[in-house]
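# Fold and contact review
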Amino acid sequence: MSERSRVRAARHAAEKKGVSSAIQRTTRQSPYKMRLVIDQIRGKDVNEALGLLRFSKKFAAKQIEKVLSSAVANAEYRSRNENESIDVDTLFIKHAIVNEGPALRRFMPAAQGRATPIRKRTSHVEIVLDAREEKPRVARPTRKTESAPPKAEASTKKSSRASGSKK
C-alpha cells in the first residue's frame, strides 16, 4: 500500500470517529514559511488559534486561517447531518501539518544567453480537529474564614529592620 493510500485511509478512519478535517492543496507559499505559522497553533483550541492567525502579519496565516475555518465548518456540517450536538469551543487542533506541493518551474534570463531555473514552491496544508472531553466541574468546598494572622509579628519585623539590626 502506498504512503498516499495509508494517509488517506487514516484520514477516513479519523473522519468516522467523529474527527473533522480540511485540506488545502497547492498554496502558493513555501512550506518552510507555512510551517513557521502552523507550529504556533498546533495543539491549541480553535478559538485561540483563530485569534492568533487573524492578527498575524504573515501571508501564510491567512491561508491557514481559511483551512482552519473550513475544518470548523466541516465539523458543524457533520454534526448537523448526524443529529449530534457539537460545541465549537471544545474543538482543538489535533493534527496540523504542511507538506511540500508541486514546484512551479520558471526560468530567469542570465548572462551570456543562459537561463537559470527558479522553483516557485507550493504547500499542502492539512488540519484535523477533535473535541476535548469536558471535565465535569466539581463544586469546591468553600473556605471557612479563619481569623487573620496576627499583625504584630509583621510590625515587629519592620521595626527591627528599621532599627538597623541584621538578620
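What comes next concerns the included structure.

So, how was this worked out
- Residues numbered from 1 in each chain as written.
- Predicted model: local features only at pLDDT ≥ 70, side-chain atom pairs only at ≥ 80, totals over all residues.
- Heavy atoms only, no water.
- 1 Å grid on protein atoms, 1.4 Å probe; cavity = no way out; pocket = protein on both sides within 12 Å on 5 of 7 lines; lining within 4 Å.
- Points joined across faces, edges and corners; volume = space filled by probe spheres on them.
- Helix = DSSP H or I, 4+ residues; strand = E, 2+ residues; numbered from the N terminus.
- Nonpolar A, V, L, I, M, F, W, Y, C, P; charged D, E, K, R; others polar.
- Phe/Tyr/Trp six-rings, centres within 6.5 Å; stacked < 30°, edge-to-face > 60°.
- Lys NZ or Arg CZ within 6 Å of the ring centre and 35° of its normal.
- Expected span 1.5 Å × (residues − 1).
- Buried < 20%, exposed > 50% of the residue type's maximum accessible area, 1.4 Å probe, protein only.
- Axes fitted to C-alpha atoms, helices over the stretch in contact; angles between N-to-C directions.
- Left-handed = near helix turned anticlockwise from the far one by under 90°.
- Contact = heavy atoms within 4.5 Å.
- Core = buried A, V, L, I, M, F, W, Y, C linked by side-chain atoms within 4.5 Å.

### As for the layout of surface pockets
One number sums up the size of the largest pocket: a volume of about 570 Å³. Along the walls of the largest pocket sit 21 residues, with Val-7, Arg-11, Ile-97, Asn-99 and Glu-126 positioned nearest its centre. Looking at the lining of the largest pocket, the elements with two or more residues in it are helix H1 (3-16), strand S1 (20-27), strand S2 (91-100) and strand S5 (123-131). Sort the elements by how many residues they give to the lining of the largest pocket and H1 lands first, with 8 residues. Of the residues that constitute the lining of the largest pocket, the class distribution is 9 nonpolar, 3 polar and 9 charged.

### Thoughts on the packing of aromatic side chains
Summed over all chains, the structure comprises 0 aromatic pairs. We note Arg-132 situated over the ring of Phe-92; from NZ or CZ to the ring centre the distance is 4.2 Å.

### As for helix H4 (residues 59-81)
Between the first and last C-alpha of H4 there are 34 Å, a value that for 23 residues agrees with the 33 Å anticipated at 1.5 Å per step. Residues of H4 that are buried include every one of Ala-60, Ala-61, Gln-63, Ile-64, Glu-65, Val-67, Leu-68, Ala-71, Val-72, Ala-75 and Ser-79, and no others. Positive phi shows up at Asn-83, right after H4, with a value of about 55°.

### Section: the side chain of Ser-79
Looking at where Ser-79 falls in the secondary structure, it is placed in helix H4. Judged by its relative accessible area of 9%, Ser-79 falls in the buried class.

### Here's the deal with the packing of helix H2 (residues 31-41) against helix H3 (residues 46-54)
At their nearest, the axes of H2 and H3 sit 9 Å apart, and the two run at 145° to each other. Relative to H3, H2 is oriented so that their crossing is right-handed. Contacts between H2 and H3 pair Val-37, Gln-40 and Ile-41 from the former with Ala-49, Leu-52 and Leu-53 from the latter. Among the residues making up the contact of H2 with H3, the classes are represented as 5 nonpolar, 1 polar and no charged.

### Here's the deal with the nonpolar core
Core analysis: the biggest nonpolar cluster contains 24 residues, and Ile-38, Ile-64, Leu-68, Ile-93, Val-125, Ile-127 and Leu-129 have the highest contact counts within it. Elements with a minimum of two residues in this core: H2, H3, H4, S2 and S5. Excluding anything up to four places from it in sequence, Ile-93 contacts Ile-41, Arg-42, Gly-43, Lys-44, Ala-49, Leu-68, Ile-127, Val-128 and Leu-129.

By themselves these figures say nothing about function.
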